[in-house]
Amino acid sequence: MPDIVLDKVSKSFTKQTHAVEDLSLVIPDGSFTTLLGPSGCGKTTTLRMIAGLEQPTSGEIIIGDSVVFSGKTGAFVAPAKRDLGLVFQSYALWPHFTVAENITFGLEINSVGKKEINKRLDEIASALRLDSLLERYTSELSGGQQQRVAIARVLIMEPSVLLLDEPLSNLDATLRMEMRAELKRLHRETGATIIYVTHDQLEALTMSSHIALLESGELQQFSAPLEIYERPANRFAADFVGSPRINFIDATLDQDSLSWGDVTIPLPKSAKENVGPRVSLGLRAEELGLSRTCGPGMVEGRVLTVLPTGADWFYQVRVADEVLTIRHNGETPFDYEDIVYVEIRSKSLKIFDDAGKAVQ
Amino acid sequence: MSLALNRWRFYVTPERVLSVCFIVLLAYLVVVPLFMMIQETFIVHPLERFQIPGSKVNDFTLAHWYRFFISESAYTFFYRPLVNTLIISFGLSFLALLIGGALAWLVVRTDMPLKETISNWAVVPYILPSWTLALAWISLFKNDRIGGEKGIVSALTGFEPPDWFAYGLFPITITLALHYFPFAFLLIGGALRNIDAQLEESASLVGAGRLAIIRRITIPLIVPSIMAAFLLSFARGLGTFGTPAFLGGPVREFVLSTSLYGNLIGQRPGLGYLAALVMIVIGMLVLYMDHRMVGARKSFVTVAGKGARLGLIELGRWRWALAGFILFFLFSVIVVPLVALAIDTVMMIPGVYSWENLTLHYWIGEASYSIGLGTGEAGILKNPQILSALKNTFSLAFVVAVVTCLMGILVGYAIVKRRGTLISKCLDQISFLPYLIPSIALGATLLAMFAVPRGPIPSLHGSFLLLVIVCSISALPYAVKAGISAMRQVGGELEEAALMAGAGWWTRMRKIIVPIQKSTYFAGMLLPFISVTRELSLVILLVTPTTQLATTISLLFTDRGWYPYTNGIVFILTVVVVGCTVLSRRVMGTSLAKGLGG
């Protein structure tokens with residue numbers, strides 16, 4: 001039912017700078033869409049504009065059938081009338097209310113009957129395991145419990161869109177893993193559209209059905225998580241998504257081959273005329289292979305650092321002037337200062353032109 | 001080195017030693033005097049021998065308690081002043097909350113123009129001596145009840161203000177509220193500013209309207225600060241002496257503080273101390289009520305939300321009108337009174353407002369029994385008595401500022417370092433105690449303690465030291481509060497890092513703790529300096545002719561009806577105090593709000 005459409009939405013707080021610029025996006029109904037980007041990229045501002053807490057400077061926002069904001073006609077629908085719920089980063093629980101009061105405040109304001117309120121409170125409390133905490137004040141709760149109260153407070157209103165602003169950033173690592181699973185389950189159970197803001201690319205990859213990657217207020221890429229990972233639209237997308245960070249090496253692009261130092265890689269199809277010759281090649285840690293013996297298409301390097309993670313070994317290897325991070329799960333680990341040979345194993349090459357745009 | 005010595009060294013840390021020293025010192029200067037004063041209400045004083053037949057000095061007696069609470073004169077001594085005090089204190093606190101709260105809300109939450117100017121001006125009434133407004137009120141609205149001359153209003157319009165308007169409870173409540181509303185403005189403004197905007201946004205998201213948000217979310221969130229502001233104005237109003245003395249005296253309306261003064265200065269010290277005791281009890285009761293109402297569970301600190309821009313409420317076309325009205329209000333409670341005071345100092349014959357009557361006689365004239373009021377006193381700037389009082393005032397203010405600042409640093413340090421321990425809690429409580437004691441009553445306890453030699457300690461009555469002690473104690477709670485929050489900001493790790501680097505305690509204090517907190521301390525010194533400069537209630541019982549202060553000497557002149565002198569002295573104090581505030585703002589960027597804490 002409600003696709004959320006952002007059409008050329010811009011927002012500036014001062015005259016000189018744009019927080020969000022010309023953002024166009026169609027968030028499909030029932031999706032788990034993540035607004036991802038570094039801090040200050042405009043993701044929270046975008047979320048707040050969808051919520052109606054912030055008015056865009058120009059553009060149009062449509063939720064389902066109704067235009068909730070339009071710079072042209074001046075239409076504006078109040079936040080409370082947009083049928084959405086927002087969980088704040090700080091949770092924004094009211095400290096002078098008990099847990100139960102926090103959860104039921106919205107129903108009470110909307111003059112829902114006492115019986116109905118209690119019924120829904122019981123349901124939501126048991127769903128989120130808050131039964132035993134209802135009489136507490138929020139300062140007496142742990143971080144994870146506060147988070148669940150914040151979610152319960154929004155869910156009890158049964159919104160069709162759920163907005164989450166970095167909800168996990170205040171939790172410790174273990175709890176964060178647990179809550180990720182819980183949020184995914186929540187998404188399945190409620191069927192609501194979720195718009196999720198985070199700067200944590202791993203969180204975005206693991207949880208979303210769609211990712212909108214933003215930088216400096218501009219949309220960089222909008223697609224499925226794996227799509228971004230495998231076919232980043234530009235250098236920024238390649239760099240921001242994926243851990244450890246992608247390796248970039250300077251390379252030279254010819255008509256039908258790519259050369260890096262002594263290595264020349266043939267291209268499956270010819271590159272466009274107007275690109276190159278200088279490009280950069282993006283190589284993820286798992287797209288590089290290591291071996292002790294030299295073979296064709298391999299370059300020599302020296303191991304700088306060994307970083308075991310348990311399942312895998314990561315190596316930093318110096319090749320010519322570059323330092324590459326390489327994943328390797330062979331049986332015999334390498335050691336510091338070992339001489340190794342590096343091989344490119346990628347299925348599809350990620351090549352970026354001078355301006356950082358991906359080259360097909 | 002022996003094991004025992006090693007142990008001893010580990011145990012005797014600077015903060016432990018400091019804590020113990022301060023607890024002993026403060027117990028001696030705050031708690032013991034309280035008990036001494038209670039004891040004084042049960043014994044016969046030299047002057048009371050003849051009122052209590054057959055008694056000797058220092059005999060045990062219940063006569064004071066009987067006279068004060070039960071006898072026929074109890075109404076005059078106690079009940080009437082008590083009722084007056086309660087009416088005034090409650091009235092002024094409500095009024096101050098109303099004015100200060102509304103101002104704070106307008107400044108913080110709306111798009112009213114000229115906010116900065118308004119915020120700066122709104123604290124000035126508190127910087128002025130509390131009885132400036134009382135004097136100005138008299139200058140403006142004086143009627144013929146207190147002698148021939150007319151007030152400015154009556155002289156200009158011919159309208160004679162009625163007694164209830166010119167003197168007594170009504171003007172006392174109004175002028176005190178106008179003096180104390182900056183408390184509410186600062187405290188409520190701070191709380192409003194700190195509210196996480198998301199708390200209100202999340203209410204608006206579920207459909208709460210603007211009024212519902214204010215009523216259900218905003219106000220409950222700032223209740224602790226509202227209560228704190230109420231408590232502060234109530235306690236200060238309770239212990240204030242100047243205003244009720246000036247405005248209540250002419251119609252013989254007494255409050256507890258003036259009754260206390262009258263009894264102590266007169267021949268009934270027992271009754272005076274009882275009045276002081278009652279004031280302290282009232283102060284504590286109000287605090288207890290505050291505790292009960294706010295409660296521990298709901299006592300939360302409002303933490304600022306990240307990046308939460310507060311949406312300003314648009315006032316539309318009212319914004320300039322409102323700003324204008326507020327500026328006019330501030331102008332009338334700051335500039336108008338000062339001008340009124342100034343005018344009265346340059347009128348040869350008081351009450352005659354004409355150009356021929358202009359004179360600088362009261363500023364630079366020679367002593368004369370025939371010119372003007374014929375006081376036989378030289379003009380303010382030539383009068384040795386007044387000049388020496390001014391000198392006393394400023395030396396006292398300076399010494400107290402330094403002493404309280406040092407105590408604030410050290411006590412704050414000791415409390416934070418030993419946080420959670422019994423000794424830290426004890427020190428925290430005891431340094432907060434003076435906050436609860438109305439200032440004139442605090443003076444009374446120290447009078448009870450030090451008026452006579454006790455053991456090895458000689459009588460301190462009439463000494464500069466006693467004034468330093470009483471002013472320092474009274475400023476201590478603020479200083480300690482500032483010290484604690486400064487220490488918390490620094491955090492233990494910065495000091496521990498220096499400790500690991502091998503710095504001794506003295507070096508750590510000198511090189512790490514103090515430099516980092518410099519500006520906080522400076523703000524911490526400004527507040528005591530200002531309050532001592534304009535302090536009257538606290539010292540009125542303790543000054544003697546040799547230690548006369550500017551404020552107390554102006555009271556003397558008022559008693560004789562020599563208003564030009566009083567007004568001139570108050571004018572000088574005002575200029576100095578406002579000057580200091582502005583200067584420190586310019587130079588150090590400190591503001592009074594910082595010193596008050598919150």
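What you are looking at is a predicted structure, and each value in this text was computed from that prediction instead of being measured.

Participant: I keep staring at the overall build of chain A and nothing clicks. Help me out?
Facilitator: Each helix and strand counted, chain A has eight helices and 21 strands in total. Dimensions of chain A along its principal axes, counting C-alpha atoms only, are 75 × 50 × 35 Å. Residues classed as buried in chain A amount to 52% of the 360 residues present. Expressed as a percentage of contacts within chain A between residues at least 6 apart in sequence, the contacts between residues at least 24 apart total 64%. Of the roughly 16,700 Å² of accessible surface on chain A, a fraction of 49% belongs to carbon and sulfur atoms. In chain A, 36 positive and 49 negative side-chain charges are present, and the distance between their average locations comes to 3 Å.

Participant: For this particular structure, what's the right way to read the overall build of chain B?
Facilitator: If you tally the helices and strands in chain B, you get 26 helices and zero strands. Against the 2.2 N^0.38 benchmark of 25 Å for 598 residues, chain B shows a C-alpha radius of gyration of 26 Å, consistent with a compact globule. In terms of its C-alpha atoms, chain B occupies a principal-axis envelope of roughly 80 × 75 × 50 Å. Counting only residues that meet the buried cut, chain B has 55% of its 598 residues in that class. In chain B, once contacts between residues fewer than 6 apart in sequence are set aside, the share between residues at least 24 apart is 73%. Surface exposure of chain B reaches about 26,200 Å², of which carbon and sulfur atoms provide 68%.

Participant: Just to check I follow, could you spell out the side chain of T34 of chain A for this structure?
Facilitator: Residue and element names in this part refer to chain A. With respect to the element layout, T34 can be found in strand β3 (residues 32-36). With a relative accessible area of 0%, T34 lands in the buried category. At 2.7 Å, the side chain of T34 and the side chain of S208 are in polar contact. Setting aside residues no more than four positions away along its own chain, T34 makes contact with Y196, T198, A204, S208, H210, I211 and A212.

Participant: I would appreciate a short explanation of the pairing of strand β10 (residues 218-223) of chain A in the present structure.
Facilitator: The side chains of a regular strand alternate between the sheet's two faces. Residues and elements named next belong to chain A. In terms of strand pairing, strand β9 (residues 210-215) meets β10 through five bridges, oriented antiparallel. Paired with L214 across the strands is L219, a residue of β10. Following β9, the chain reverses through two residues before pairing antiparallel with β10; S216 in that reversal takes a positive phi of roughly 45°.

Participant: Where do I start with the packing of helix α4 (residues 74-109) of chain B against helix α10 (residues 169-194) of chain B in this structure?
Facilitator: Helix packing geometry: the angle between the two helix axes and the distance between the axes. Residues and elements named next belong to chain B. Following both chains from N to C, one finds α4 and α10 inclined at 40°, their axes separated by 5 Å at the closest point. Viewed along their axes, α4 and α10 adopt a mutual orientation that is oblique. In terms of crossing hand, the pair formed by α4 and α10 is right-handed. Looking at side-chain class alone, the contact of α4 with α10 contains 24 nonpolar, six polar and two charged residues.

Participant: What is the right way to read the sheet that holds strand β16 (residues 298-308) of chain A from this model?
Facilitator: Hydrogen bonds along the backbone pair up the strands of a sheet, which may run parallel or antiparallel. Residue and element names in this part refer to chain A. Reading across from one edge, β15-β19-β16-β17-β18 is the order of the five strands in this open sheet, with antiparallel pairing throughout. Across the chains shown, the open sheet's two edge strands, defined by having one partner strand only, are β15 (288-291) and β18 (322-328). Ignoring strand direction, the axes of neighbouring strands in this sheet form an average angle of 45°. Sheet topology places strand β17 (residues 313-319) next to β18; seven bridges connect them, and they run antiparallel.

Participant: Help me out: how do you make sense of the pairing of strand β14 (residues 278-283) of chain A in this one?
Facilitator: Residue and element names in this part refer to chain A. In terms of burial, β14 is largely enclosed, as five of its six residues are buried. Of the pairings in the sheet, the one linking β14 to strand β20 (residues 350-352) comprises three bridges and is antiparallel in character. Note on β20: the bridge partner recorded for S280 is F352.

Participant: Just to check I follow, could you spell out the sheet that holds strand β11 (residues 247-253) of chain A for this structure?
Facilitator: All names here are of chain A. Ordered by their spatial adjacency, six strands build an open sheet running β13-β12-β11-β14-β20-β21, and the pairing between neighbours is antiparallel. Lying at the two open borders of the sheet, with one neighbouring strand each, are β13 (263-266) and β21 (358-359). Of the pairings in the sheet, the one linking β11 to β14 comprises six bridges and is antiparallel in character. Residue pairing in the sheet places D250 in a bridge with S280 of β14.

Participant: Can you help me understand the environment of N194 of chain B in this one?
Facilitator: Looking at where N194 of chain B falls in the secondary structure, it is placed in helix α10. By relative accessible area, N194 of chain B is classed as partly exposed at 36%.

Participant: When you look at the packing of helix α18 (residues 384-417) of chain B against helix α19 (residues 422-436) of chain B in this model, what are you seeing that I'm missing?
Facilitator: Residue and element names in this part refer to chain B. Where α18 contacts α19, the two axes come as close as 8 Å, and the packing angle between them is 145°. The chirality of how α18 crosses α19 is left-handed. The residues of α19 that touch α18, namely those facing V411, A414 and I415, are S424, L427, D428 and S431. When its residues are assigned to classes, the contact of α18 with α19 shows four nonpolar, two polar and one charged.

Participant: Honestly, the environment of L277 of chain B in this entry has me stumped. Any pointers?
Facilitator: Residues and elements named next belong to chain B. Within the secondary structure layout, L277 lies in helix α15 (residues 269-294). Sequence separation between L277 and M487 is 210 residues, and the spatial gap between their C-alpha atoms is 35 Å. Those residues in contact with L277 that lie beyond four places of it in its chain are M37, I38 and W65.

Participant: Help me understand the pattern of salt bridges, please; the structure alone is not making it clear to me.
Facilitator: Should the charged atoms of two oppositely charged side chains come close, the side chains can pair. Residue and element names in this part refer to chain A. On inspection of all chains with the given rule, the structure shows 21 salt bridges over all chains. R48 is the salt-bridge partner of E54, the closest N and O atoms lying 3.0 Å from each other. Here the two residues E54 and R48 agree in accessibility, since each one is buried. The closest approach of N and O atoms between R345 and E343, which form a salt bridge, is 3.3 Å. A relative accessible area of 25% means that E343 is categorised as partly exposed.

Participant: Hey, could you run me through the nonpolar core in this one?
Facilitator: Among soluble globular proteins, nonpolar side chains are generally buried collectively. Ranked by internal contacts, the top residues of the largest apolar core, which has 165 residues, are L6, L163 and I195 of chain A together with I217 and L260 of chain B. In contact with I217 of chain B, not counting residues within four places along its chain, are W94, H96, F97 and F105 of chain A together with L199, E200, A203 and A212 of chain B. Counting 34 residues, the second largest nonpolar core, distinct from the first, contains L93, L121, A125 and L134 of chain A.

Participant: When you look at the interface of chain A and chain B in this model, what are you seeing that I'm missing?
Facilitator: Where interface size is quoted, it is often the accessible area lost as the parts come together. Contacts between chain A and chain B engage 30 residues on the former and 21 residues on the latter. Of the roughly 2,300 Å² buried at the junction of chain A and chain B (both faces included), carbon and sulfur atoms supply 60%. The interface formed by chain A and chain B holds two salt bridges in total. A salt bridge links E108 of chain A to R216 of chain B, with the nearest nitrogen and oxygen atoms 3.0 Å apart.

Participant: Quick question: what am I supposed to make of the confidence of the model for chain B here?
Facilitator: All names here are of chain B. Averaged over every residue, the pLDDT of chain B is 81; residues scoring 70 or more account for 91%. No element of chain B has a lower mean pLDDT than helix α26 (residues 592-596), which averages 49, and none a higher one than α4, which averages 90. Taken as a whole, residues 301-307 scores under 50 in pLDDT and shows 10 contacts with residues more than four places along the chain or in a different chain. A low-confidence stretch, residues 594-598 (pLDDT under 50), is modelled with 12 contacts involving residues beyond four sequence positions or located in other chains. For this predicted complex, the interface confidence comes out at an ipTM of 0.73, alongside a pTM of 0.77.

Participant: Can you help me understand the packing of aromatic side chains in this one?
Facilitator: All names here are of chain B. Summed over the entire model, instances satisfying the criterion amount to 29 aromatic pairs over all chains. A ring pair is formed by F78 and Y79, whose centres lie 4.7 Å apart and whose planes are at 65°; its orientation type is edge-to-face. A ring pair is formed by F181 and F329, whose centres lie 5.9 Å apart and whose planes are at 50°; its orientation type is tilted. Within this pair, whereas F181 is found in helix α10, its partner F329 is found in helix α16 (residues 318-345), the two being separated by 148 residues in sequence. Among the residues examined, F181 registers a relative accessible area of 0% and is labelled buried.

Participant: Could you clarify how one ought to interpret helix α2 (residues 99-109) of chain A in this entry?
Facilitator: An α-helix turns once every 3.6 residues. As a result, residues three or four positions apart point the same way. Here α2 of chain A lies mainly inside the structure; eight of its 11 residues are buried. Residues V99, A100, N102, I103, T104, F105, G106 and L107 of chain A constitute the buried set of α2 of chain A. Summarising the contacts, the buried residues of α2 of chain A are in contact with α3 (114-127) and α4 (143-155) of chain A together with α11 (197-205) and α12 (210-239) of chain B. Trailing α2 of chain A by a residue or two, S111 of chain A shows a phi angle of about 50°, which is positive.

The rules we used
- Residues numbered from 1 in each chain as written.
- Chains lettered and ligands numbered in written order.
- Predicted model: local features only at pLDDT ≥ 70, side-chain atom pairs only at ≥ 80, totals over all residues.
- Heavy atoms only, no water.
- Helix = DSSP H or I, 4+ residues; strand = E, 2+ residues; numbered from the N terminus.
- Buried < 20%, exposed > 50% of the residue type's maximum accessible area, 1.4 Å probe, protein only.
- Contact = heavy atoms within 4.5 Å.
- Areas by Shrake-Rupley, 256 points an atom, 1.4 Å probe, with all protein chains shown as cover.
- Lys, Arg positive; Asp, Glu negative; His and termini not counted.
- Charge placed at Lys NZ, Arg CZ, Asp CG, Glu CD.
- Rg over C-alpha atoms; globule rule 2.2 N^0.38 Å.
- Polar contact = N/O pair within 3.5 Å; in protein donor to acceptor, adjacent residues only side chain to side chain.
- Pairing = 2+ DSSP bridges.
- Axes fitted to C-alpha atoms, helices over the stretch in contact; angles between N-to-C directions.
- Parallel < 35°, antiparallel > 145°, perpendicular 65-115°, else oblique.
- Left-handed = near helix turned anticlockwise from the far one by under 90°.
- Nonpolar A, V, L, I, M, F, W, Y, C, P; charged D, E, K, R; others polar.
- Salt bridge = Lys/Arg side-chain N within 4 Å of Asp/Glu carboxyl O.
- Core = buried A, V, L, I, M, F, W, Y, C linked by side-chain atoms within 4.5 Å.
- Buried area = accessible area lost by both parts, 1.4 Å probe.
- pLDDT = per-residue confidence, 0-100.
- Phe/Tyr/Trp six-rings, centres within 6.5 Å; stacked < 30°, edge-to-face > 60°.

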